[in-house]
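Reading the structure
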Amino acid sequence: MEPIRIAVLGGGPAGLFAAISAAEYGGEVTLLEQNPFCGKKLNITGKGRCNVTNLCDLDTFLQNVPVNPRFLYRALSEFLPEDAVSFFESHGVPTKVERGRRVFPISDKARDVTDCLVRTAKEAGVHIQRAAVKELILEEGAVKGIVTEQGKRRLFDRVIVATGGASYPLTGSTGDGYRFAKQAGHTVIQPKPSLVPLVSSDAFCKKCMGLSLKNVGISFVKNGKTLYTEQGEMMLTHFGVTGPVILSASAHLGHQYPVDLHLDMKPALDHKTLENRLLREFGAATNKDLQNCMGALLPSSMIPHFLAKAGIDGTQKVHSVTKETRKKLCDALKDMIIPITGTRPLAEAIVTSGGVKVTEVDPRSMESKLISGLFFAGEVLDVDAYTGGYNLQIAYATGRLAGVSAVT
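In this numbering scheme, every chain counts its residues from 1 along its sequence in written order. Two thresholds apply to this predicted model, a pLDDT of at least 70 for residue-level local features and 80 or more for giving and counting side-chain atom pairs, whereas whole-chain, interface and lining totals are computed over all residues. Only hydrogens and water are removed before side-chain values are computed, so all heavy atoms of the structure are retained for them.

What follows covers the sheet that holds strand S16 (residues 259–264). When DSSP finds two or more bridges between two strands, those strands count as paired. Put simply, DSSP H or I for four residues or longer makes a helix, DSSP E for two residues or longer makes a strand, and each gets a number counted from the N terminus. The sheet built from 7 strands is open, its strands ordered S17-S16-S13-S14-S15-S12-S18 with antiparallel pairing. Of all the strands in the sheet, the pair left with one neighbour each is strand S17 (336–340) and strand S18 (342–343). Both strand S14 (residues 225–236) and strand S15 (residues 240–242) contribute to a ladder of 2 bridges, which runs antiparallel. Looking at S15, one finds that Met235 is bridged to Thr242. Residue contacts are counted whenever heavy atoms from the two residues lie within 4.5 Å of one another. To get an axis, fit a line to the C-alpha atoms, keeping to the stretch in contact for a helix; angles then go from 0 to 180 degrees between the N-to-C directions. Against the sheet, helix H8 (residues 244–253) touches strand S12 (198–199), strand S13 (212–222), S14, S15 and S16, its axis set at about 150 degrees to S14.

Before going further, it helps to examine helix H5 (residues 110–123). Multiplying one less than the number of residues by 1.5 Å gives the expected span of a helix. With 14 residues, H5 should reach 20 Å at 1.5 Å per residue; the first-to-last C-alpha distance of 20 Å fits that figure. All of the buried residues along H5 are Ala110, Val113, Thr114, Cys116, Leu117, Val118, Thr120 and Ala121. Of the surrounding secondary structure, the elements contacted by the buried residues of H5 are helix H1 (13–24), helix H4 (81–90), strand S5 (102–105) and strand S6 (127–130). Backbone geometry just after H5 places Gly125 at a positive phi near 100 degrees. Classification of residues uses two cut-offs on accessible area relative to the type maximum, computed with a 1.4 Å probe and protein chains only: under 20% is buried, over 50% is exposed, and between them is partly exposed.

Ordered by their spatial adjacency, 3 strands build an open sheet running S3-S5-S4, and the pairing between neighbours is antiparallel. Among the strands making up the open sheet, the edge pair consists of strand S3 (53–54) and strand S4 (95–98). Direction of pairing for S3 relative to S5: antiparallel, over a ladder of 2 bridges. Counterpart to Asn54 in the pairing with S5 is Arg102.

The next thing to look at is the nonpolar core. Within the largest apolar cluster, 81 residues are counted, with the highest numbers of intra-cluster contacts made by Leu9 and Phe88. In terms of residues, this core owes the most to one element, helix H12 (residues 390–407), which gives 10 residues. The criterion is simple. A nonpolar core is a set of buried Ala, Val, Leu, Ile, Met, Phe, Trp, Tyr and Cys residues joined through side-chain atoms within 4.5 Å. Met234, Val245, Cys293 and Ile338 belong to the second-largest nonpolar core, a separate cluster that totals 47 residues.

Take the pattern of salt bridges next. Criterion for a salt bridge: a side-chain nitrogen of Lys or Arg within 4 Å of a carboxyl oxygen of Asp or Glu. With the rule as written, the count across this model stands at 16 salt bridges. Here Lys96 makes a salt bridge to Glu98, at a shortest N to O gap of 3.6 Å. Residue classification places Lys96 among the partly exposed positions, given a relative accessible area of 26%. On the accessibility criterion, Glu98 (26% relative accessible area) is partly exposed. Here Glu348 ties to Arg344 by a salt bridge, and the two come within 3.0 Å at their closest N and O atoms.

Quick look at the packing of aromatic side chains now. Aromatic rings from Phe, Tyr and Trp, taking only the six-membered ring of Trp, are treated as a pair when their centres fall within 6.5 Å; an angle between ring planes under 30 degrees marks them as stacked, one over 60 as edge-to-face, and anything in between as tilted. One pass over the structure, following the stated rule, counts 7 aromatic pairs. Considering the side-chain rings of Phe61 and Tyr390, the 5.1 Å spacing of their centres and the 75 degrees angle between planes classify their relative orientation as edge-to-face. Taken together, the positions of Phe61 in helix H2 (residues 58–63) and Tyr390 in helix H12 put the pair 329 residues apart, joining distant regions of the chain. A relative accessible area of 0% places Phe61 in the buried class. The class for Tyr390 is buried, based on a relative accessible area of 3%. Members of the aromatic cluster, connected to one another through ring pairs, are Phe17, Phe79, Phe87, Phe88 and Tyr396. Criterion for a charge above a ring: Arg CZ or Lys NZ at most 6 Å from the ring centre, at most 35 degrees from the ring normal. For the cation-ring pair, Arg49 lies above Phe104, with the distance from its terminal atom to the ring centre recorded as 3.9 Å. Just above the ring of Phe239 sits the side chain of Arg344; from NZ or CZ to the centre is 4.2 Å.

Tyr257 connects to Pro258 through a cis peptide bond whose omega is 0 degrees. Mapping Pro258 onto the fold places it in the loop between H8 and S16. Its identity as a non-glycine residue notwithstanding, Cys50 has a phi of 70 degrees, on the positive side. For Cys50, the position within the fold is in the loop between strand S2 (28–33) and S3. Judged by its relative accessible area of 0%, Cys50 falls in the buried class. Even without being glycine, Asp108 reaches a positive phi, approximately 60 degrees. Relative to the assigned elements, Asp108 resides in the loop between S5 and H5. Asp108 gets classed as partly exposed once you look at its relative accessible area, which sits at 27%.

Have a look at this one:
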């Protein structure tokens, strides 16, 4: 009996897992990647460290998937985060667990993860080829192969689309998968940026650009309603705000802009404790300018801009600071408001929200309900999760399920 010929479109984590799984189950697999090498986007994840997965149970994982979590139940049940860790450990990539259950390679090198996947694929017999795909070959309700950009027809029994979303287009995520899906009659939910920096017109951000703030509290409020609250690390930039806690927030907000960011510089201290702290700082520097005795509370380069935004004269002597001014200072430290007008472009998002409508895909196999032999995996689907390793795990799990299903 002839082996089933499978084309995997895309050499990211979903495509590589699909190819490896299909080959290990006996498929004759060709992986087509338009870049000179696989994993271009994977190599820059986690600031080049690659947050491999998040080591949590299935229920906790699904709570961190705001878009279509139920669709992923089968895929994730069959390939849990612990399975991903075991996979990488057994294939030469030892891992470590950091804050928030985030898993990284011990080497802190994303390239080690990519190299592992490519090596494993080749060892499984996957043929990796550089080629850009123009369109699918569809006949009588089934996929029959692909047509390359050069117009060459290549016949396959199954095609797995794992081309990613539309974020970071320079890495090859140019939205080709949406085009293939539409060609096959699928509905594509309008792609929008998720896990993306946020834009503010507040001059305070630009004046403090480059400053990282650790262990700050953030709340996003719209029309008096709190939409999201978290604590963590963020950065002020020339365009607004970014950093881990901001990226997570962007996935929660669901594009409900404009919105106000309420920034708590000292979330561990209540107002009374913070005021006592100020009194101690002031007591040791009664004859100094106010702006010169706040170094223990704020980054030094931020202080003058912070005081200006709070409407407080930083040149006044500490001994002249009134109770009202202290209260005003405490209020500003506990609740600085930065108006947010929107997000940075889709090209700057870590992941894409939107994609192939999941009600048109069988969650038990990742196969199209419209076209026989056509499968989808990874970010091309309308699923996305918060930051912390969840999106890569979704790529592995859906890729694996698509690969196995394409053969069995």
